[in-house]
Every structure is written in C-alpha cells, then in structure tokens.
Amino acid sequence: MSAPIALGELRTLFADFGNRTHVLLAVSGGADSTALMLLAARWHEQNPQTHLTVASIDHALRPESAEECRIVAMRAAELGLPCIIKRWEGDKPAARLQEAARNARYALLAEAATEIGADTIATAHTLDDQAETVLMRLMHGSAVDGLAAMRPVMPLAGLSLIRPLLGTTRARLVATLQAAGMTWLEDPSNRNARFERVRLRALLAQLAPLGLDPERLGLLARRAARSSDALEAIAVERFEVLVRREQDCLRLDGRGLAACPADIRLRILERAVLEMRDRNGGSAYGLRLERLEALAAALDQALRQALGQALDQPLDPGDGQGGPWQRSLGGTLLRLDKSGNLQVTREPERRRGITKTKM
C-alpha cells in the first residue's frame, strides 16, 4: 500500500515554487489536482511569500461541469486559497475533442494567470501520466524528443508551466487525500475506452508486472530528455555558425550542413523553417517529423550531388521541371543555389496549398 506524502517531503516537492512570485494551481477536482491543491496549501503555510491561486476550468462538455468547478472553489476556500473559474465557450469539435479541450484549457489558464499577475502555472501531472505519455509516443513512432515526454518546467505563453508531481505516483496522492479525509471528483471520461490515454492506462497495468512500470518509463523519459537537450544544444550552436540572416531569407552553408550528423542536420532544418515562418507570423504548431525527415532525405541527396560527392546513382539536381532543387515546408520555400548553399524564404502565396505534393 502506498504511503501518504509526508510534510517533510514538501520542501523538495515544491522546491521550484520558492523561485516564483505567484503560482496558479490548475485544479479540476480529480484526485491528482485535489492533492496538488492540498499539498501546495500545506507548503504555503510555511512559505507565505509565494502567492497561490487556484484555477478551475469548466470545459462545458458535461452538464455537471459547472457544479464541479463550484466544488473546487469551495474546497480551495477551505484551504485558504482564492479560486478563479474560467469557462470554455463556443462550439466544440466532433473530432480530436480531448486535444481541443487541452488546448482550450491551457489558453484559459494562461489568460487567468495574466489577469491576476501570476508568473507560473502548476499542473498535477503525475508519474503515471508521464508513463502513459511515453507509451503513447512509442506507439506513434516518436524520436528522442518525443520520448522525453513531459518536462518538469517549460514555457507557456510567456509564463512558466511547472509539474511538481511529475515524479510522484497517483497511488501516493490518493493515499494522501485519504489520510486527510478529503474526497475528490471522478470524471467519467477517464473510464471511456474510446480515448487513447484511457486504453494506454489499461495497457500499462498489464505491463507493470513485467517490469515496464511507471518508474521505469519515467526513467526512460528523463534519459531521453537528457539526450534531447544535448542534441538540441549542439544543433543551436551549429545553426548559428552556418546561418547568414538576410532581410528576406536565411542562407545556410551547404557544405557545413552536409557535414553535420543526420539528427543535427534535421534539427538545423527545423530551426531554419520555424525561424522563417515566425518572421511572417506563421502557425504556432511544430512540424511533423515525417515531413521533416522526407525533406532532409531529399536535401541530403541534392547536397551531395551539388557538392560533387560520389553517389551510387546519378541524381537530377532539379525539381523534375528543369529548375533548381527546391521544396516547400511549413509555409517556407527551400532551394539550393549554384554554390550548393541552402536558401530559406517565405513560400510565395501562389505555391501555398501544394506543399504536401512536393514531399
């Protein structure tokens, strides 16, 4: 049986809170977030210099959701914490509902934090959530960045998003609530098998006896994060060496790019595309790994030919229409010049809509 979290553990658990001015606690009323609220309130008794506010989001997906937010506000008041309630207004999508709800939730949390002057949002993601995320990424074929799963600290809309319970199991949080005599709300969607995460939760219960438990998957995530950070640091350094920023384009040294290891080259390409896209107010979403890999493979062949390196088979350096090698991705146009250097510009309006056919 799991032991409740002791008072002596709070200093380590909430160590990052001491560096914050005002933390907004995201609380749905479920066991995990109710435990976050309880434990943070206990920590706050000894650390009043950091302001705490609870935020509960009404997704308006179930008739009882408004009442659940009211219950959260009542329990927050009992713990001496103020509470803000935000409602997700408007029509709800029929497809990818959980993803849309998650995006709306974070947007509303950021809005609430800005309104009260909070610099940080804290969520109640646990070690179990981390394990489920790793399994999900494995099933989707993610690379090392994806296997790093959720990070303890990350930026969000100009704020910091922190996850103080990411190394704590759900069982310990439940034991903590039971020891305190506190009840929690149950969201029926957490038992709905049509959602991928719910199915993975059941799978994880079957894998745990074989040794693939939340602790082991959490360890994998931490090691993947370490490798991801190292690769990203190298890619950033190489990108700054290779790039020349001009008014309307980025120009990358082709020979230096070709000399980079494949993963570093992939990251440099992603960085170039995103930087050019951001210059023009592009989408906030990242690039799909499969499309980025296809672009990198095509560029690799074109670079080797342009730089005069031997290939098993001769390649046409053109795009199939007699022009220079070029591809489009993420609202940008990438082309090789006669010197074998890569130019990244904004994709012309007339070319938009055919990006996918080039890959």
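Every value quoted in this text rests on a predicted model; they were computed, and no experiment measured them. (Residues numbered from 1 in each chain as written. Predicted model: local features only at pLDDT ≥ 70, side-chain atom pairs only at ≥ 80, totals over all residues. Heavy atoms only, no water.)

**Notes on the overall build of the chain**
As a reminder, the rule being used: Secondary structure is summarised from DSSP: a helix means a run of H or I of at least four residues, a strand means a run of E of at least two, and numbering begins at the N terminus for each. Residue contacts follow a heavy-atom distance rule, with two residues in contact if any of their heavy atoms lie within 4.5 Å. Per-residue and other accessible areas were derived by the Shrake-Rupley procedure at a 1.4 Å probe size, with only the shown protein chains allowed to occlude residues. Asp and Glu count as negative and Lys and Arg as positive, but His and the ends of the chain are not part of the count. Charge coordinates come from a single atom per side chain, which is NZ of Lys, CZ of Arg, CG of Asp or CD of Glu.
In terms of regular secondary structure, the chain is built from 13 helices and 11 strands. With the C-alpha coordinates of the chain rotated into their principal frame, the extents come out at 75 × 45 × 40 Å. Summarising the internal contacts of the chain: among those between residues at least 6 apart in sequence, 69% fall at separations of at least 24. Surface summary for the chain: the accessible area is close to 18700 Å², and the carbon and sulfur share equals 52%. Measuring between centres, the 48 positive side-chain charges of the chain sit 3 Å from its 44 negative side-chain charges.

**Topic: helix α2 (residues 31-46)**
Heads up, the rule is: Take the number of residues in a helix, subtract one, and multiply by 1.5 Å to get its expected span. Categorising residues by exposure relies on relative accessible area from a 1.4 Å probe, with only protein chains included: less than 20% of the type maximum marks a residue as buried, more than 50% marks it as exposed, and the intermediate range marks it as partly exposed.
In this model, α2 (16 residues) spans 24 Å end to end at C-alpha, consistent with the 22 Å of a helix rising 1.5 Å per residue. Within α2, 12 of the 16 residues are buried, leaving the element largely enclosed by the surrounding structure. Along α2, the residues classified as buried are Ala31, Asp32, Ser33, Thr34, Ala35, Leu36, Met37, Leu38, Leu39, Ala40, Ala41 and Trp43.

**Considering the side chain of Thr176**
Take Thr176: it is sitting in helix α7 (residues 170-180). For Thr176, the residues in contact, after removing those within four places along its chain, are Pro4, Ile5, Leu38, Leu39 and Arg42.

**Side note on the pattern of salt bridges**
Applied cut-off: We define a salt bridge as a contact between a side-chain nitrogen of Lys or Arg and a carboxyl oxygen of Asp or Glu at a distance within 4 Å.
Scanning the entire structure with this criterion turns up 29 salt bridges. One salt bridge in this structure joins Arg267 and Asp263, with 2.6 Å as the shortest N-O distance. Residue Arg267 and its partner Asp263 are both found in helix α11 (residues 262-279); the two are separated by four residues, about one turn of the helix. Residue Arg265 pairs with Asp300 through a salt bridge whose shortest N-O separation is 3.5 Å.

**Examining the sheet that holds strand β1 (residues 22-26)**
The test is simple: In this scheme, strands are said to pair when DSSP sees at least two bridges between them. For helices, the fitted axis covers only the stretch in contact; all axes are lines through C-alpha atoms, and the angles between them, taken along N-to-C directions, range from 0 to 180 degrees.
With respect to topology, six strands assemble into an open sheet ordered β3-β2-β1-β4-β6-β5, the strand pairing being mixed. Each of the sheet's edge strands pairs with one partner strand only, and the pair in question is β3 (83-87) and β5 (153-156). Between one strand axis and the next, the sheet turns by 30° as a mean value, whatever way the strands run. By the bridge criterion, three bridges tie strand β4 (residues 120-122) to strand β6 (residues 159-162) in an arrangement that is parallel. Note that in β6 the partner of Ile121 across the bridge is Leu161. Contacts from helix α3 (residues 65-78) reach β2 (51-58) and β3, with the element oriented near 165° to β2.

**Thoughts on the packing of α11 against helix α12 (residues 289-306)**
To keep it simple, the criterion reads: Angles below 35 degrees are treated as roughly parallel, those above 145 as roughly antiparallel, those between 65 and 115 as roughly perpendicular, and all remaining angles as oblique.
Look at α11 against α12: their axes get within 10 Å of each other, and the N-to-C directions meet at 110°. Between α11 and α12, the crossing angle belongs to the class labelled roughly perpendicular. Across from Arg265, Leu266, Leu269 and Glu270 in α11, the residues of α12 making contact are Leu289, Leu292, Glu293, Ala296, Leu299 and Asp300.

**Some words on the nonpolar core**
Grouped burial of nonpolar side chains is what soluble globular proteins tend to show. Convention followed: To qualify as a nonpolar core, a set must consist of buried Ala, Val, Leu, Ile, Met, Phe, Trp, Tyr and Cys residues joined through side-chain atoms within 4.5 Å.
Core analysis: the largest hydrophobic core is formed by 30 residues, its most contacted members being Phe14, Phe17, Leu25, Leu39, Val54 and Leu81. Residue contributions to this core peak at nine residues, all from α2. Apart from residues lying up to four places away in sequence, Leu81 is in contact with Leu25, Met37, Ala41, Leu52, Val54 and Ala76. Ranked by size, the runner-up nonpolar core spans 29 residues in total, among them Leu287, Leu292, Leu295 and Leu329.

**Focus on the confidence of the model for the chain**
What counts, and what does not: The predictor attaches a confidence to each residue, and that confidence, scored 0 to 100, is pLDDT.
Of the residues in the chain, 92% reach a pLDDT of 70 or more, and the chain-wide mean stands at 91. Low pLDDT, under 50, characterises residues 310-316; the predicted model gives this stretch seven contacts beyond four residues in sequence or across chains. This stretch, residues 353-359, has a pLDDT under 50; its non-local contacts, to residues over four places away or in other chains, come to 14 contacts.

**Observations regarding the packing of α2 against α7**
Our working rule: For any helix crossing, the convention is left-handed if the near helix is rotated counterclockwise from the far helix by under a right angle, and right-handed if that rotation is clockwise.
Taken N-terminus to C-terminus, the directions of α2 and α7 make an angle of 65°; their axes are 9 Å apart at the nearest point. Both α2 and α7 take part in a crossing whose hand is left-handed. Residues Ala31, Asp32, Thr34, Ala35, Leu38, Leu39 and Arg42 of α2 form the contact with α7, whose own contacting residues are Arg170, Leu173, Val174, Thr176, Leu177 and Ala180.

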